[in-house]
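# Observations on the model geometry
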Amino acid sequence: MLLRRQSIKKALFVFTQICYIIAGVLIMPEIDNVAEQSTHNLIIYELIAYSSSLLCLFFFIIDNSSRVKTAPTITIFILFYIFSFISTILHLQGYSYIIYVTYPLLPLLISYLYTCQYGIDKLFINLAFIALIAVSIQYIRLFSIANYFSANRIGVSYFPLFILPIVLLHDSKTIKTISWIITSVIIVSSLKRGGLIALVLGILAYALVKVFITNDKSHKARTIIVILIVLLATGMVGYYMIDMIGSNVIERISTISDDGGSGRTTIWTYMIDKTFSSTPDGIILGHGYLATPLVNIQRGDAAHNDFIEILYDFGLIGCVLYIAFFIFILKDIITGIKRKDCDTPQFTLMYVIYFVLTMVSIVYFYFYITYINLMLGLVLGNREYRCKHQVE
């Protein structure tokens, strides 16, 4: 009976991850409006992904053996999510937002509950690699449609970037190397300054933590060499891309202070003023899910900063809880470094990418958060599993 339960859980878990892969690939055109995509179809794709998540979660909840201790970071996020969901309902702008608001929570709970019981499943890591390949192929298709070498930047390049930390949990060095190369080429070709900065800082953080937790001096040396090769390869790819498309990348990085990050500083100032000039309940409780496009007359889009977006959408309470969430993740990383947990470098890479991009873009409100929270659930759940089974 126990084996049957485990088999059902694994089948549901795998099915859910496959749904996430399909939904992610199909949602990508919506991110940059590169290709026409029916809103009706998008909702169907998302319903498939999240209904499977709910089914999987329901099975875990009704099964007594799945009751586990909730990590403090998970608890903080659940509190934030509950508050954001209430704010969304109180200021409901459309029923599709009920689906969108479920992006963050379900992947986190599913991966955490599963990994707490069974540890990190190699099949899931393999599926993550398949997901990275799938979104990369979709990126190439969208890239060719939009001709983004001569037009705007393409934000869907962030998809492989957020999947990368999960794939790096893989045992195969070949798969890790391929994933690094694919992600680096895509980020450079997208001309996204935030993505390039996040990748470089992420690589450096990953290398530092990897060296710090490794006792074998020869392994430390190999790690440093490999990371230097990755950075060199990224630089060479960037050089040839620049040579092929002109000096757009260098120009865009060098003009950050001049253009205020494509007008972001203007938007941030405007939205902060708009937040604190609203009603007291708006300041404290917020204005609802992704409410900034309704008031942002500067650009008519989101705040391009998750903290400012959440401050306006979910008020001071929501913003404080979201900041606490980041602080708790940082504490988890520090704990992992002290204990020399083998998954800490990947966890650190995820945090750096998440933090950098959440400061200059919208991450929490897009499908990207699915991969971030899958990774968070995997790492924290695996820690509970190792503790419970006394695994080093």
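Residues numbered from 1 in each chain as written. Predicted model: local features only at pLDDT ≥ 70, side-chain atom pairs only at ≥ 80, totals over all residues. Heavy atoms only, no water.

## Observations concerning the overall build of the protein chain
Note the cut-off: Secondary structure counts use DSSP, requiring at least four H or I residues in a row for a helix and at least two E residues in a row for a strand, with both numbered from the N terminus. Buried means the residue's accessible area, taken with a 1.4 Å probe over protein chains only, is under 20% of the maximum for its type, while exposed means over 50%, and partly exposed covers the values in between. Throughout, the Shrake-Rupley method with a 1.4 Å probe supplies accessible areas, and for residues the shown protein chains are the sole cover considered.
A count of helical and extended segments in the protein chain gives 17 helices and zero strands. Residue burial in the protein chain is summarised as follows: out of 392 residues, 55% are buried. Split by element, the accessible area of the protein chain, about 17,300 Å² in all, is 68% carbon and sulfur.

## Observations regarding the packing of helix H3 (residues 72–90) against helix H15 (residues 306–339)
We apply this condition: Every axis in this analysis is a line fitted to C-alpha atoms, fitted for helices over the stretch in contact. Angles between the N-to-C directions lie between 0 and 180 degrees. By the definition adopted for this analysis, an angle is roughly parallel if under 35 degrees, roughly antiparallel if over 145, roughly perpendicular if from 65 to 115, and oblique otherwise. Note on definitions: a residue-residue contact is assigned when non-hydrogen atoms from the two residues lie within 4.5 Å. Side-chain classes are defined by residue name, with Ala, Val, Leu, Ile, Met, Phe, Trp, Tyr, Cys and Pro counting as nonpolar, Asp, Glu, Lys and Arg as charged, and the others, Gly among them, as polar.
The geometry of H3 relative to H15 is characterised by a closest axis approach of 9 Å and an angle of 170° between their N-to-C directions. Regarding the angle of H3 to H15, the classification is roughly antiparallel. On H15, the residues that touch Pro72, Thr73, Ile76, Phe77, Leu79, Phe80, Phe83, Ser84, Ser87 and Thr88 of H3 are Ile310, Asp313, Phe314, Ile317, Gly318, Leu321, Tyr322, Ala324, Phe325, Phe328, Ile329 and Asp332. Each residue belonging to the contact of H3 with H15 can be placed in one class, and the counts come to 15 nonpolar, five polar and two charged.

## Some thoughts on unusual backbone geometry
Backbone geometry at Lys340 places phi at a positive 60°, although glycine is not the residue there. Of note, Lys340 is situated in the loop between H15 and helix H16 (344–360).

## Structural notes on the confidence of the model for the protein chain
We count it as follows: Across the chain, each position has a pLDDT score giving the predictor's confidence in that residue, from 0 to 100.
For the protein chain, the mean per-residue pLDDT works out to 80, and 74% of the residues sit at or above 70. Here residues 252–257 scores under 50 on pLDDT; set against residues more than four positions off or in separate chains, the count is 10 contacts.

## Section: the nonpolar core
Let me state the cut-off plainly: Side-chain atoms within 4.5 Å link the members of a nonpolar core, which is a set of buried Ala, Val, Leu, Ile, Met, Phe, Trp, Tyr and Cys residues.
If you look at the biggest cluster of nonpolar residues, it comprises 107 residues, and the most contacted ones within it are Phe159, Phe162, Tyr322, Phe325, Tyr354, Tyr364 and Phe367. Apart from residues lying up to four places away in sequence, Tyr322 is in contact with Phe80, Asp306, Phe307, Ile310, Tyr354, Thr358 and Tyr364. Counting residues in each nonpolar core, the second largest holds seven residues, with Ile267, Tyr270, Met271 and Ala303 among its members.

## With respect to H3
Applied cut-off: Helix span is expected to be 1.5 Å times the residue number reduced by one.
An ideal rise of 1.5 Å per residue puts 27 Å on 19 residues; H3 measures up with 27 Å between its terminal C-alpha atoms. Along H3, the residues that are buried comprise Thr73, Ile74, Ile76, Phe77, Phe80, Tyr81, Phe83, Ser84, Ser87 and Thr88.

## A few points about the pattern of salt bridges
For the record, the criterion: The salt bridge criterion pairs a side-chain nitrogen of Lys or Arg with a carboxyl oxygen of Asp or Glu, the two atoms within 4 Å.
Here the structure, examined in full by the defined rule, presents six salt bridges. A salt bridge links Asp341 to Arg339; the shortest N-O distance between them is 3.1 Å. Here Arg339 falls in the partly exposed class, since its relative accessible area comes to 47%. Of the charged contacts, one joins Asp341 and Arg386 as a salt bridge, the two residues approaching to 3.3 Å between their closest N and O atoms. Highlighted residues: Asp341 in the loop between H15 and H16 and Arg386 in helix H17 (residues 368–389), separated in sequence by 45 residues.

## Remarks on the packing of aromatic side chains
So the rule is basically this: Here a Phe, Tyr or Trp ring, Trp counted by its six-membered ring, pairs with any other such ring whose centre lies within 6.5 Å, and the pair is stacked when the planes are under 30 degrees apart, edge-to-face when over 60, and tilted otherwise. Any Lys NZ or Arg CZ that is within 6 Å of a ring centre and within 35 degrees of that ring's normal is treated as a charge sitting over the ring.
Applying the stated rule across the entire model yields 33 aromatic pairs. Plain terms: the ring middles of Tyr139 and Phe143 are 5.5 Å apart, the flat faces sit at 45° to each other, and that makes the pair tilted. Of the two residues, Tyr139 and Phe143 both sit in helix H6 (residues 122–146), four residues apart, roughly one turn of that helix. Of the residues examined, Tyr139 reaches a relative accessible area of 3% and is grouped as buried. Its guanidinium or amino end placed over the ring of Phe328, Lys331 lies 5.0 Å from that ring's centre, counting from NZ or CZ. Residue placement shows Lys340 over the ring face of Phe212; its charged tip is 5.1 Å from the ring centre.

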